[in-house]
Amino acid sequence: MEKIAVIYWSGTGNTEAMANAIGEGLKEAGADVTVTDVSSFSGNIKDYDKIAFGCSAMGDEVLEETEFEPFFMSIENNLSGKKIAIFGSYGWGDGQWIRDWEERVNDKNANLYDTGFMINGMPDDSGIEECKSFGRGFASF
């Protein structure tokens, strides 16, 4: 069974709700899943077959700069050949942060699942179902 991590940063709870629902979708698909916020992650990226990273858009549509960005920078050179998904919530803009993040992942020769998945604000019931579906899809990727 593949080991999958869902590692996220959330300032308001929106991306956390997405992460938990994506984790539920992965579990529904039979995956061995660890869902954790970035500050609590103590594992080794190399130990996971697949990783879903979540971070909301901050400032001028960038990744959160004090916890998530330093973490991601520290591990992104270990993503080559890994199956990666990215997701997050936003409240403004048009998703430039997720497109920039997709480019970074692709530049590391990772296998990016679909395109970056985003939800505006807190996911409602429909959004939670979309997150679960995203998780189920990532499980079979």
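Residues numbered from 1 in each chain as written. Predicted model: local features only at pLDDT ≥ 70, side-chain atom pairs only at ≥ 80, totals over all residues. Heavy atoms only, no water.

*Asks:* Give a detailed account of the UniProt feature "domain: Flavodoxin-like" (unreviewed entry) in the protein chain, specifying residues and quantitative values.
*Replies:* Here, UniProt's "domain: Flavodoxin-like" (unreviewed entry) annotation points to residues 4-139. Overall, residues 4-139 shows 37% helix and 24% strand. The separation of its end C-alpha atoms is 8 Å. (UniProt positions renumbered as here; feature names shortened; annotations may be inferred. Helix = DSSP H or I, 4+ residues; strand = E, 2+ residues; numbered from the N terminus.)

*Asks:* Account for the pattern of salt bridges, naming residues and giving values.
*Replies:* Evaluation of the coordinates by the stated rule reveals seven salt bridges. Note that Arg-104 is salt-bridged to Glu-69, the shortest N-O span being 2.9 Å. Note that Arg-104 is positioned in helix α3 (residues 96-107) and Glu-69 in helix α2 (residues 68-75), a separation of 35 residues in sequence. Between Asp-94 and Arg-99 there is a salt bridge, with the nearest N and O atoms lying 3.0 Å from each other. Within this structure, Glu-24, Glu-129 and Lys-132 form a network of salt bridges that share partners. (Salt bridge = Lys/Arg side-chain N within 4 Å of Asp/Glu carboxyl O.)

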